[in-house]
Structure formats: C-alpha cells, structure tokens
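Single-letter residue listing:
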2 protein chains.
Amino acid sequence: MYDLVRVAVDAMGGDNAPVEIVKGAVEAVNADSRIQVYLVGQEDVVSEELKKYTYPAERLEVVSATEVIETGEPPVMAIRRKKDSSLVKAMNLVKEGTCDALVSAGSTGAILVGGQVIIGRIKGVDRAPLAPIIPTATGVALLIDCGANVDAKPLNLVQFAKMGSIYMEHVVGIKNPKVGILNIGVEEEKGNALVKETYPLLKECSDIHFVGNVEARDVPAGVADVIVCDAFAGNVLLKTMEGVSSVLIKKIKAGLMSSLVTKIGAVMIKPALKGVVKSFSTEEHGGAPMLGLNGLVVKTHGSSKAAEIRNSILQCIAFKEQNINDKIREHIVPEI
Amino acid sequence: MYDLVRVAVDAMGGDNAPVEIVKGAVEAVNADSRIQVYLVGQEDVVSEELKKYTYPAERLEVVSATEVIETGEPPVMAIRRKKDSSLVKAMNLVKEGTCDALVSAGSTGAILVGGQVIIGRIKGVDRAPLAPIIPTATGVALLIDCGANVDAKPLNLVQFAKMGSIYMEHVVGIKNPKVGILNIGVEEEKGNALVKETYPLLKECSDIHFVGNVEARDVPAGVADVIVCDAFAGNVLLKTMEGVSSVLIKKIKAGLMSSLVTKIGAVMIKPALKGVVKSFSTEEHGGAPMLGLNGLVVKTHGSSKAAEIRNSILQCIAFKEQNINDKIREHIVPEI
C-alpha cells in the first residue's frame, strides 16, 4: 500500500464547506484507487455528511479538528493560535509525512502563511509561489506567482520560472513549456527594474524554454505556458481576467434579454454560449499549486464545488508519481 | 477669435494615417466651431486627402513636416533626431503656445518622451502619467498611470490621484469622483511596498474623494472612477482587459457558428451582441490624456479611426475651457 497518494483535505475551508468538500473527497477516492484521503474537520459534521455516500472506507479517514479558520482572520495570528483548526492539522499531516499533499478551499492568506511556516520550503527555495492555472484560447497557462511575494527579487522569479516549468511539463503534461516573463512590451529593454534585472538571468537558464517578454494582452491568447511575474502583477492579471469575463458575460446576458427576437435567439445559442463561458472560467481548471514546499499544497477557489475539490485531489497523483519535488531540488541549487 | 481651442493633430501617426486622421480632423472642425486644427504632416499627402471634404478652411490649417516616426523606433532617438517629423513639429506647436493641445495616434513611447522633453511638465509635477479611459459596467474609469512611470514613487502616485480626479470631474463630468488605489486586496494593510506607503498619503489628501484599495476584479464593475497605480500594474490591467475581451468574443463567435441552430440564433442576437461588444471596447472611449504637461497631449489608439480622432480633438475643449492645468497647479504645490 506504500504507493498510495495520501491527501489531507481541509473539510472546513471555503464557502461550500463541508458539504461540497466531503462530496469532492468521496468522488476522488471513488475515481482513482491510488488516492487515500484524510478528511480533516469537525468529526460529527464530517461523519454525518459521509453517511450520504458509498466509498472504500479504508481509503477515506476522518481526522478530528475542532476549530475553523475564517476567511477574514489575520493569517499569521490564525495559524499561530488555532492549533486545532482543520487547516493547521491538515498541514501538520503533510509536515510529519503522513500525507503527501494538502487540498484546501480556505483562506488564501492562512494557506500561504501555513505553507511556509508549518510545512516549510524545500532547501534552496527562497519563496514559495502560488500558481493558478488560467484558461487561454489554446488551453491553459500557469501564472506564477499570484501569492504573497509582492516585492519579489530577480532570483525569486528565476526559481518561479524553473518550478513552473517543471509543474507544467510533468503534472499538466505540456512538453517543453514556453516560459515568458510578464512585461509591458515585448522588446528586451522594456520593463520595471525587477523585470529588467530578471530577463538576462532567465535568458541564461539552460533548463527552461524561455521565450522572452510576454504582454498581458497576449496571455489570454496563449502565447506562453508559464507566465512568470511578481505576485502583485500576477494578482492584477488574474483578477482582471475574472472581472472582465464576469462583466462581459453579464452584459451579453442583458443584451440577449433586450427584445423578443433576441430572447428567442438566446434560447437557440444558450448551450453553445454556456460551453464558451465554462471553458474560459478561471474556476474550471482545478486548484492552484503552491510550489517549493516539502509537500504539495493545492489552494482551490473559496467557492469550490465538489468537482474542483475532486480534480485538485486527483492532480496530486501526478505530482507524487512524477517526483516533482525531487525535480525541483535538482534544478534549484541552494546558494552556499 | 482668441478663445478658439487650437489642436495640433499628428496626421502621420497610427495604423490608419493619414486617411482616418484627416477625416477625424475634418469631422471635429465641422462638429464644433470652437475647434481650430493644425494638421501636421507631409503636405502633399495631407492636402490630397483634404480635397475629399468640405470644411471651414480658416479653422483647419496644414503644417508641413517631412518626416514620420515609426512605431518600432527607439523613442528617445526618434524625438531627438527627427526634428522635422509630424510628432515633433506638432509638439513644438504646443510648446511655443500656438496650440493648446496635441492629438496623436503615433508611437506611445515617442509621445511619452516628447511630452516630457519637448512640451515639458507643469512646475511641481514630477512625472507625467498617461491615463486611458476604460469602459466599466456602469460607465467609464480613468486608469492612471499606464505610461512610462514603471518604478513610480508614492509621491508620484499622489500626484496622479489629484490630476486624475480633476480630469474626471471637469473633463469627463463625474462629480466628486471616487479615487481608489489598485491593490491585491481591500484591507488597508495589503499590498506591495509602493502601495503600502502611498495609501496613508492618499488618505490624508483633503482634495480627493479617496475610497481606499481597489481590487483588479472590481475595476471592470466600476467600483471607482479613478484607479491609481504605477504604469506597470496599469499596463497589465489595461492589456489584460483587451486580451480577455478579444479572446472571449472570438470564442463566442466560434460557438455561435457551431451548428445550424446556433447560426440562426446568432442572426437574431447579432445587433444586441454587437452593442455589448462596442460598449465594452477600450477603443470606444476616446484617447488617453497625458496629464501634468504644459498643454494637453491626447494619445489615441494606434488603430484609431476617424471617430476616435474626432472625439479626442473634441475632448480638448473641456480641457481648455475648464482650465484643467490651472486646477492642477493649484492642487500640486511644488516642494521647495
């Protein structure tokens, strides 16, 4: 049984906890026999939910945690004080080696802090980025970093590029992924101080397929597979994508309701439109990995439903079987 | 005749020069008798174009310039060497006081450099921002800065906030505009070093209506009228908006063509859909003012057609009649 992929799941994190989280966990163990889940949360609540389902009990265990970290809580304080919270207990399962990975839809801040403080970084990794997978016209891209490293240094970005490249190649399955750095123009001399200093360092990396500067305009079109940036810029890009899509879709829906003719037309195009909207939703592509830790942490959307939880649990299989962290260790040589 | 608004128009800048530029200039002088245009460019070409139209000749003058600055040219070099280019000559018309304003669809880099070097900044203004007007769900917002100030300082951002607020109130006509700072969360303690230092300074400004942090996700929804940011973040936001809209619309169009039923439906909804797309295009809202200069510079899209040129020329009227630069001088006190 030693090759099971053991995933700690924060049953209490997110807007739809515990109902959707428990459902997603059950779906994951039923979908793949390599998965073992530790559902961490309030035992009575979680067990009650589990009664709804049929599943192989030997691969789904409930771990008791009495406290819950709320989204609004200051992350550092929450991680320090709520030792018996579902998130802290789940992180400890990864830290002590009981689990290979953690999936949580809980507070991003608490996950970022806990990942660094409890699970800890791989030796040589200076900052651990959070890297959501975003939809593009041609597939998906990894936006690395959208986490906490808002005042990143060039060497951090170089590490993000390497880790992102490894993840996209071996977990998402894109051969020789194109790595670009987010910039305000494609010419080499463009950019702020951070990007200008990082560009030549990336150019020298022989272990990534660096394609140079990438403009935000071209990211949704799919110009690169790994988009390297500091977390501030990454956040602006990610949230703008979400905001524009949401407003545009609302406006289109209102337009479709504007007359009898458009209403009839709307019925005819509805399924096609729905498919487009779904394929371009940032919520449809599983959780965001937090990379560079002694274990995998996957942060899913706060609004995650069962499908995203299930997919996020399943993506831990490739992470373990492809030995992603060993590959990161090989490519990130600690400075002496 | 002294109260005419005199606008220098770069007839050779942009993808559709000179045809659409000349057309837009003619439309502007025909639309409003307060406008006087100086069309700067290759005289024979421009005069040939003008033959197509009827217009009051006393308010439309051709100024000869033999050279053209191309989009790809290094801006500093282009501004320095091409003294007889349409852009440099148009800028000199503003500098020497012959014109109040300049409209160009030419190279953004050259416009930014020329604005600072040739026209020059208002005393006390440290950096001159480029501030596009972007569409939102509720109207428009000013995104300040999307220009060249990629490593801005807190005091620059404070000046951007004041200038942007004045512009939105007196040129665009939004009373007491809400000013927000672009950030990765709404809580006061969030952000990178620049935003954290700028926030308390903006809070202290009694002459703006500061509403705090604004997330990129909420910008398209119209959460604030003036979005303050450094040019790197502004650029990422603006270009992501353009990129996402473009991909989403392409995908929707493809979806509409996917079956016979959707094709019929598409015909019925086409006008409504077109209206939505148009209302949410960043190209539909006139040019971006470059603020804080001794005169107004309006940068229009490289792909500008006559309508954008006309609207950009017409927006110079409010700028002059509302004495925007006097208002900027009042609110930006030079440090001694």
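Every chain is numbered independently, its residues counted from 1 as its sequence is written. Each chain is given a letter, starting from A, and each ligand a number, starting from 1, according to the order in which they appear as written. Predicted model: local features are reported for residues with pLDDT of at least 70 only, side-chain atom pairs are reported and counted for 80 or more only, and whole-chain, interface and lining totals are derived from all residues. Note: side-chain values were computed over all heavy atoms of the structure, leaving out hydrogens and water.

(A) Structural detail: the overall build of chain A. Put simply, DSSP H or I for four residues or longer makes a helix, DSSP E for two residues or longer makes a strand, and each gets a number counted from the N terminus. Of the regular secondary structure elements, chain A holds 11 helices and 11 strands. Residue exposure (1.4 Å probe, protein chains only): buried if accessible area is under 20% of the type maximum, exposed if over 50%, otherwise partly exposed. Taken over 336 residues, chain A has a buried fraction of 57%. Contacts are assigned to residue pairs that have any heavy atoms within 4.5 Å of one another. Taking the contacts inside chain A whose residues are at least 6 apart along the sequence as the reference set, 72% of them involve residues at least 24 apart. Values of accessible area rely on a 1.4 Å probe in the Shrake-Rupley scheme; residue burial ignores everything except the protein chains shown. Accessible surface, chain A: about 13,500 Å² in total, of which carbon and sulfur atoms supply 53%.

(B) The arrangement of the relation of the copies chain A and chain B in detail. Superposing chain A onto chain B takes a rotation of 180 degrees combined with a translation of 0.0 Å along the rotation axis, leaving an RMSD of 0.0 Å. The transformation relating the two chain copies, once decomposed into turn and shift, fits a two-fold axis. Residue glycine 265 of chain A of chain A places its C-alpha closer to the rotation axis than any other residue of that unit, at 2.0 Å. Mapped onto chain B, 100% of the interface residues of chain A again fall at the interface, so both copies present the same surface. Residues reaching a pLDDT of at least 70 in both copies supply the C-alpha atoms on which the copies are superposed by least squares.

(C) Focus on helix α11 (residues 324-331) of chain B. Residue and element names in this part refer to chain B. Taken residue by residue, α11 has Ile324, Asn325 and Ile328 as its buried positions. Buried residues along α11 cover an arc of 95 degrees about the axis, so they all sit on one side. Contacts from the buried residues of α11 go to α6 (154-172) and α10 (306-321). Read the arc as the range of directions from the helix axis to the C-beta atoms.

(D) Quick look at the interface of chain A and chain B. With 48 residues of chain A at the contact, the number on the chain B side is 48 residues. Buried area, as used here, totals the accessible surface that two parts lose on assembly, with accessibility defined by a 1.4 Å probe and the loss added over both. With both chains or domains summed, chain A and chain B bury close to 4,300 Å², and 78% of this area falls on carbon and sulfur atoms. Summed over the three residues of chain A that lose the most area to chain B, namely Ile184, Phe232 and Met268 of chain A, the buried surface amounts to 15% of that side. By definition here, a salt bridge exists when the distance from a side-chain nitrogen of Lys or Arg to a carboxyl oxygen of Asp or Glu is within 4 Å. One can count four salt bridges joining chain A with chain B. Its salt-bridge partner being glutamate 242 of chain B, residue arginine 217 of chain A comes within 2.6 Å of it at the nearest N-O pair. If you tally residues by element for the side of chain A that touches chain B, the top one is helix α8 (residues 231-256) of chain A, at 19 residues. Asp, Glu, Lys and Arg are counted as charged, while Ala, Val, Leu, Ile, Met, Phe, Trp, Tyr, Cys and Pro are counted as nonpolar; the rest, among them Gly, fall into the polar class. Residues belonging to the side of chain A that touches chain B are distributed by class as follows: 29 nonpolar, 13 polar and six charged.

(E) Focus on the nonpolar core. In this structure, Leu39 and Ile313 of chain A together with Leu39 and Ile313 of chain B are the most contacted members of the largest nonpolar core, which totals 167 residues. Sequence-distant contacts of leucine 39 of chain A, that is, excluding residues within four places in its chain, are made with Val9, Ala11, Val22, Ala25, Val46, Leu50, Leu60, Glu61, Val62 and Val63 of chain A. Joining through side-chain atoms within 4.5 Å is the link that ties buried Ala, Val, Leu, Ile, Met, Phe, Trp, Tyr and Cys residues into a set, and such a set is a nonpolar core.

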